[in-house]
Amino acid sequence: MVSGTDIDIPIWRGAEAARDQLFSRRRPDDDELSEVERRILRRLFDDEPEFEEAVRRIIERVHTGGDSAIRRIAVALDGAAPDSLVVTEEEFAEARREVSAELVAALQHAADRVRRYHELQLTHAARSFSSGGLGQLVRPLARVGLYVPGTAAVYPSTVLHTAIPAQVAGVPEVVIASPAVPAEDGTAKVNALKLVAAEIAGVNTVYKVGGAQAIAALAYGTESIVAVDKIFGPGNRFVTAAKRRLYGAVGIDAIYGPTETLIVADDTANPELVAADLLAQAEHDDFAAPILISTSEKLANSVVSQLLEQTADLPRRDIALNALRNRGGLAYVPKLDDALAIANEYAPEHLALVVKNADQRIGDVRNAGGLFVGEASPEALGDYVAGPSHVMPTGGSARFASALNVGEFMKITTVVQVADELLDEVSADAELIARAEQLDAHARSLERRRRDR
């Protein structure tokens, strides 16, 4: 443990210690409500339901009460409700006036790069085909809903990184649900940056609703909100619980947890840049996971010194330090093969390789949402303008899940169109298997065709 003033940064030595500490520090599911959350829920309900029960009730209220239920929930939770749940053209125009031309240009640059990447990705995605009477139809989903979180912090980049892949995939209707913040005039508004990003991305409609109630509205529809086929995007634990509960009534992309970046570095890495990259992850929230596995003990110690120096004037200093204490950490693991093995076991959302000849180690990576190769490819670049969507699997789900991609916005319909001669060739075996399964009607369906020929 290396300490300085009010910061304690753990350094684990050896592969076994690193493995034990990393996995023990992953945040478990927490259904305990804070006192602030309980106070808010008391305003909404007559009693004090536990977490899952509160989410169930919110969903049920929206399902049965529609727009009026959403407004009542908004008043209870936020202190104000929008007159219209749909962002109007006047609100988009106002947002354009609020955002600087320089920032609009930066968002447009990011959008262009995200679009080009996903257009390239589309050329490698599943395609319709037909061969020998068998094939598949690949069709985009008809309508998707994107949840874009953030009130105190806003994420126009998430708008671009979810809406643009959907458009490239060919989805004809893309809508957004995002929390609205009470304004001085008593209304509730979605942040101007989000609205400008939505226009740049070509989003059809933006709804002024957040939380579990937004997920319920997108799943079931209300008077103002049209139900979608699938919901995408991260959110707080109420959003996550609602997505989990509503899966099946609507498609769900994934269940997202706190964000993670794991850096594997050797003695060629610049400690100043490694520390900067760890802090870029750490400032997200108290439960972010900024992790370094270094093959150099000297580098690990230098990174600690840099963390102490760079947090001195960091605006989100307390959040970053909490993340380093809670779920982050540094490990000294002498062998690069061991470091990469631990990284694969952890399966981080973001994996950065800052080692000599990093491009030659790409083949050793098995599990990661996104891979960032070399010092010139920091994860922060991926959050904005690199090109791939920054929505990636967390909590170890990179073992079986992928970063958001155009394929997530498509579905495959298999096609069977068997010629008569092929039916004669294959149906006898199908009959045999059907009878072995004691499904006689299946067998007779096939048998009658052969008998009638």
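What counts as what
- Residues numbered from 1 in each chain as written.
- Predicted model: local features only at pLDDT ≥ 70, side-chain atom pairs only at ≥ 80, totals over all residues.
- Heavy atoms only, no water.
- Salt bridge = Lys/Arg side-chain N within 4 Å of Asp/Glu carboxyl O.
- Axes fitted to C-alpha atoms, helices over the stretch in contact; angles between N-to-C directions.
- Helix = DSSP H or I, 4+ residues; strand = E, 2+ residues; numbered from the N terminus.
- Parallel < 35°, antiparallel > 145°, perpendicular 65-115°, else oblique.
- Left-handed = near helix turned anticlockwise from the far one by under 90°.
- Contact = heavy atoms within 4.5 Å.
- Nonpolar A, V, L, I, M, F, W, Y, C, P; charged D, E, K, R; others polar.
- Buried < 20%, exposed > 50% of the residue type's maximum accessible area, 1.4 Å probe, protein only.
- Pairing = 2+ DSSP bridges.
- Right-handed = clockwise from strand over helix to strand, strands pointing away.
- Patch = residues over 30% accessible without salt bridge, like charges linked within 9 Å, V, L, I, M, F, W, Y side chains within 5 Å.
- Areas by Shrake-Rupley, 256 points an atom, 1.4 Å probe, with all protein chains shown as cover.
- Expected span 1.5 Å × (residues − 1).
- Arc of directions from axis to C-beta.
- Polar contact = N/O pair within 3.5 Å; in protein donor to acceptor, adjacent residues only side chain to side chain.
- pLDDT = per-residue confidence, 0-100.
- Core = buried A, V, L, I, M, F, W, Y, C linked by side-chain atoms within 4.5 Å.

### A word on the pattern of salt bridges
For the coordinates displayed, the defined rule picks out 23 salt bridges. The partner of E48 in a salt bridge is R42, with the nearest N and O atoms 2.9 Å apart. Between R96 and E89 there is a salt bridge; the shortest N-O distance is 3.3 Å. It is possible to trace a salt-bridge network through shared partners that takes in E35, R38, R42, E48 and E50.

### Section: the packing of helix α3 (residues 51-78) against helix α8 (residues 211-220)
Where α3 meets α8, the closest approach of the two axes is 8 Å, and the angle between their N-to-C directions is 125°. The angle between α3 and α8 falls in the class oblique. Considering the relative orientation of α3 and α8, their crossing is left-handed. Facing α3, whose interface residues are V55, I58, I59, V62, H63, I70, I73 and L77, α8 presents A212, Q213, A216, A217 and Y220. Here the contact of α3 with α8 is composed, by residue class, of 11 nonpolar, two polar and no charged.

### Quick word on the pairing of strand β13 (residues 260-265)
Burial analysis of β13 places six of its six residues in the buried class, the great majority of the element. By the alternation rule, side chains of β13 split into E260, L262 and V264 and T261, I263 and A265, which are all buried. Note: β13 against strand β14 (residues 289-294), six bridges, orientation parallel. Note that in β14 the partner of L262 across the bridge is I291. Between the parallel elements β13 and β14, the chain passes through helix α10 (residues 271-282) in a crossover that is right-handed.

### Re the side chain of S427
Its location among the elements puts S427 in helix α15 (residues 420-436). The exposure class of S427 is buried, given its relative accessible area of 1%.

### Notes on a nonpolar patch on the surface
Together, L134, V416 and V418 line one region of the surface with nonpolar side chains, adding up to about 260 Å² of accessible area. Summarising the element assignment, V416 is placed in strand β18 (residues 410-416).

### Comments concerning the packing of helix α2 (residues 35-44) against α3
One can describe the packing of α2 onto α3 by two numbers: an axis separation of 11 Å at closest approach and a directional angle of 85°. When the axes of α2 and α3 are compared, the pair comes out roughly perpendicular. The segment α2 lies against α3, with I40, L41, R43 and L44 engaging A54, I58, R61, I73, A76 and L77. Of the residues contributing to the contact of α2 with α3, the split by class is eight nonpolar, no polar and two charged.

### Side note on the sheet that holds strand β12 (residues 251-252)
Strand pairing in a sheet relies on backbone hydrogen bonds, with the paired strands running either antiparallel or parallel. Read across the open sheet, the five strands follow the order β10-β7-β6-β11-β12; overall the sheet is parallel. Two strands close off the open sheet at either side, each with one partner strand: β10 (205-208) and β12. Pairing of strand β11 (residues 230-232) with β12 involves two bridges; the strand directions are parallel. Bridged to I231 within β12 is I252. Relative to strand β6 (residues 143-147), α8 is tilted by about 180°, and along the sheet it contacts β6, β7 (173-178), β10 and β11.

### Here we look at α10
Look at α10: 16 Å from first C-alpha to last across 12 residues, which is about the 16 Å you get at 1.5 Å a residue. Looking only at α10, the buried set comprises V274, A275, L278, L279, Q281 and A282. What you see down the axis of α10 is that its buried residues fit within an arc of 155°, all on one side. Considering only its buried residues, α10 is in contact with β13, β14, α11 (297-310), α12 (317-326), β16 (350-354) and α14 (379-384). At the N-terminal end of α10, a side-chain oxygen is found 2.9 Å from the backbone nitrogen of E272, two or three residues along, and the residue is N270.

### Here's the deal with the confidence of the model for the protein chain
Of the residues in the protein chain, 96% reach a pLDDT of 70 or more, and the chain-wide mean stands at 91. Per-residue pLDDT stays below 50 along residues 1-5; that stretch engages in 13 contacts with residues further than four places along the chain or on separate chains.

### Things to note about unusual backbone geometry
Unlike most non-glycine residues, A347 shows phi in positive territory, near 50°. A residue is classified by how much of its surface remains accessible, and A347, at 0% relative accessible area, is buried.

### A look at the nonpolar core
V144, L146, L160, I176, V206 and F409 are the most contacted members of the largest nonpolar core, which totals 44 residues. Elements that contribute at least two residues to this core include exactly α4 (89-98), α5 (101-122), β6, α6 (156-169), β7 and α7 (192-201). Not counting residues up to four positions away in its chain, the partners in contact with L146 are T162, A163, V174, V175, I176, A177, F232 and F409. With 36 residues, the next largest nonpolar core counts L41, I215, A241 and I252 among its residues.

### Concerning the sheet that holds β18
As summarised here, the arrangement of the three strands in space is β4-β5-β18, forming an open sheet in which the pairing is antiparallel. Single-partner strands in this sheet number two, and they are β4 (129-131) and β18. For this sheet, the mean angle separating the axes of adjacent strands, direction not counted, is 15°. As paired elements, strand β5 (residues 134-140) and β18 share seven bridges and run antiparallel to each other. Residue V138 lies in a different strand from β18, and its bridge partner there is I412.

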